[in-house]
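An overview of the molecular structure
Listed below are the residues making up each chain.
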Amino acid sequence: MNWTIISLFAIYSVIGIVTLVLWWLIYESVLARGYNVREAVFGKRPNPAVALDLFGGFLATAILLYAIVALAPRTSFRLNIPAVGINIVAILFLLTVLRLLVAGLLRLWFRDHRDAQGDLISMNNELFVQRNIATSLFSTVLYVILVAGLVELDVFDNAHQGMAQVYNMLGIWLLGFVLVIVHSFFYLEYGTRNHILHECFHDNNPAAPFSLLGLVAGVLPLNHAMLVTFSPGQHMFNTPELWGFIGIILAFVLIARGLLQVLLYATTGINLRYELVIADNVAWGILDGGVIFSLLLILIALMY
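Parameters at a glance
- Residues numbered from 1 in each chain as written.
- Predicted model: local features only at pLDDT ≥ 70, side-chain atom pairs only at ≥ 80, totals over all residues.
- Heavy atoms only, no water.
- Patch = residues over 30% accessible without salt bridge, like charges linked within 9 Å, V, L, I, M, F, W, Y side chains within 5 Å.
- Areas by Shrake-Rupley, 256 points an atom, 1.4 Å probe, with all protein chains shown as cover.
- Salt bridge = Lys/Arg side-chain N within 4 Å of Asp/Glu carboxyl O.
- Helix = DSSP H or I, 4+ residues; strand = E, 2+ residues; numbered from the N terminus.
- Buried < 20%, exposed > 50% of the residue type's maximum accessible area, 1.4 Å probe, protein only.
- Expected span 1.5 Å × (residues − 1).
- Contact = heavy atoms within 4.5 Å.
- Core = buried A, V, L, I, M, F, W, Y, C linked by side-chain atoms within 4.5 Å.
- Phe/Tyr/Trp six-rings, centres within 6.5 Å; stacked < 30°, edge-to-face > 60°.
- Axes fitted to C-alpha atoms, helices over the stretch in contact; angles between N-to-C directions.
- Parallel < 35°, antiparallel > 145°, perpendicular 65-115°, else oblique.

Description of a nonpolar patch on the surface
Together, Met163, Tyr167, Leu170, Leu174, Phe177, Val178, Ile181 and Phe237 make up a nonpolar patch on the protein surface, roughly 730 Å² of accessible area in all. You can see leucine 170 is positioned in helix 7 (residues 163–188). Judged by its relative accessible area of 38%, leucine 170 is partly exposed.

What about the pattern of salt bridges?
The tally for this structure, following the rule as stated, stands at 3 salt bridges. Note that arginine 99 and aspartate 53 form a salt bridge whose closest N and O atoms lie 2.9 Å from each other. Taken as a pair, arginine 99 in helix 4 (residues 77–110) and aspartate 53 in helix 3 (residues 48–71) lie far apart in primary sequence, 46 residues in all. Given a relative accessible area of 3%, arginine 99 falls into the buried group.

Notes on helix 10 (residues 240–268)
Between its first and last C-alpha, helix 10 extends 42 Å over 29 residues, near the 42 Å set by a 1.5 Å rise per residue. All buried positions along helix 10 are accounted for by Leu242, Ile246, Ile249, Leu250, Val253, Arg257 and Gln261. Downstream of helix 10 by a residue or two, glycine 269 has a phi angle that is positive, lying close to 80°.

With respect to helix 9 (residues 207–227)
Residues three or four positions apart in an α-helix share a direction because the helix packs 3.6 residues into each turn. The end-to-end C-alpha distance of helix 9, which contains 21 residues, comes to 31 Å, matching closely the 30 Å that a straight helix rising 1.5 Å per residue would cover. Judged by how many residues are buried, helix 9 sits mostly within the fold: 16 of 21 residues are covered.

What about the side chain of threonine 135?
Residue placement: threonine 135 occurs in helix 6 (residues 133–151). The buried category is assigned to threonine 135, whose relative accessible area is 0%. Sequence-distant contacts of threonine 135, defined by excluding residues within four places in its chain, comprise Met123, Glu126, Leu127, Cys200 and Phe201.

Considerations on the nonpolar core
Within soluble globular proteins, side chains that are nonpolar generally end up buried alongside one another. Tyr27, Phe138, Phe201 and Leu220 are the most contacted members of the largest nonpolar core, which has 71 residues in total. Per-element accounting of this core gives the leading share, 11 residues, to helix 6. If sequence neighbours within four positions are ignored, leucine 220 has contacts with Val144, Ile145, Ala148, Ile172, Leu175 and Leu179. Core analysis: the second largest hydrophobic core is formed by 5 residues, Ala207, Leu272, Leu276 and Val277 among them.

A short note on the packing of aromatic side chains
Applying the stated criterion to the full structure yields 6 aromatic pairs. Plain terms: the ring middles of tryptophan 23 and tyrosine 143 are 6.0 Å apart, the flat faces sit at 80° to each other, and that makes the pair edge-to-face. Here tyrosine 143 lies in helix 6 and tryptophan 23 lies in helix 1 (residues 3–31), a separation of 120 residues in the sequence. With a centroid separation of 6.4 Å and an interplanar angle of 80°, the aromatic rings of tyrosine 167 and phenylalanine 237 are classed as edge-to-face. Of the two residues, tyrosine 167 is situated in helix 7 and phenylalanine 237 in the loop between helix 9 and helix 10; the sequence distance between them amounts to 70 residues. Given the relative accessible area of 34%, tyrosine 167 is considered partly exposed. Assessed through its relative accessible area of 43%, phenylalanine 237 is described here as partly exposed. Members of the aromatic cluster, joined through ring pairs, are Phe110, Phe138 and Phe201.

A word on the packing of helix 6 against helix 9
Following both chains from N to C, one finds helix 6 and helix 9 inclined at 10°, their axes separated by 9 Å at the closest point. Accordingly, the angle class assigned to the pair helix 6 and helix 9 is roughly parallel. Counted together, Ala134, Leu137, Phe138, Val141, Val144, Ile145 and Ala148 of helix 6 and Pro209, Phe210, Leu212, Leu213, Val216 and Leu220 of helix 9 form the full contact between these two elements.

Below you can see the structure in the form of structure tokens.
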């Protein structure tokens, strides 16, 4: 039995709990400023949209903690804890700034547009007032994209990658943005009318972000599997074949999904695109995300 691992786990478990509490405080005092988070979570009428948004933040925080602990230098047991603590605070600060930036950009995008209930569209209004599950799911997708990029940022620089890790972080964020665009244009509807922001913030349709989450959760680990094979100095912006490979995979998954759609329509008469975009069928959104993720998971397994 490795008592060193058990001792480290006990200490870092406490650090993990403190980190999650720190994120709660950041969420309550900064990201959800002006709204009662405790009432939304523990009140007489709990708000699942806020809880799911918090879950996305907790998940992102846990992944960041995993990456920081895994990359921390093993030279000194005592030195690890301060190093990890300092970097946790720094990374959480960066995640908070990025989340605020995204919320601000969304507010600029919608401007004076109103949702289906007649309220001006904003991230917190949809979460706290409209109790919009679709918005919280979209927020979770954003957390996944942001944390996937931050994970590539080795704050200890053990691999001596230098600026290459910064380029990979920015490349992953660009890839996440591309995935959202591709999903909106091809996976939801061949056009721009029912784009992901309209479905999540105006129509309150959770089916769309569930489908998007399956795509993002499949492509980003696949991208990471390819990044770990890069040689020193190689990054996403000087490796065009990586983007070409991902493009081919996206096209293949889209075709496979289209064949499934044709097969189901021919055998059962069910129009899956109608169920996803028009009927706001959450069940199909979950299944669609599962189908997309499963296809990509097979490819990830082949990469190792």
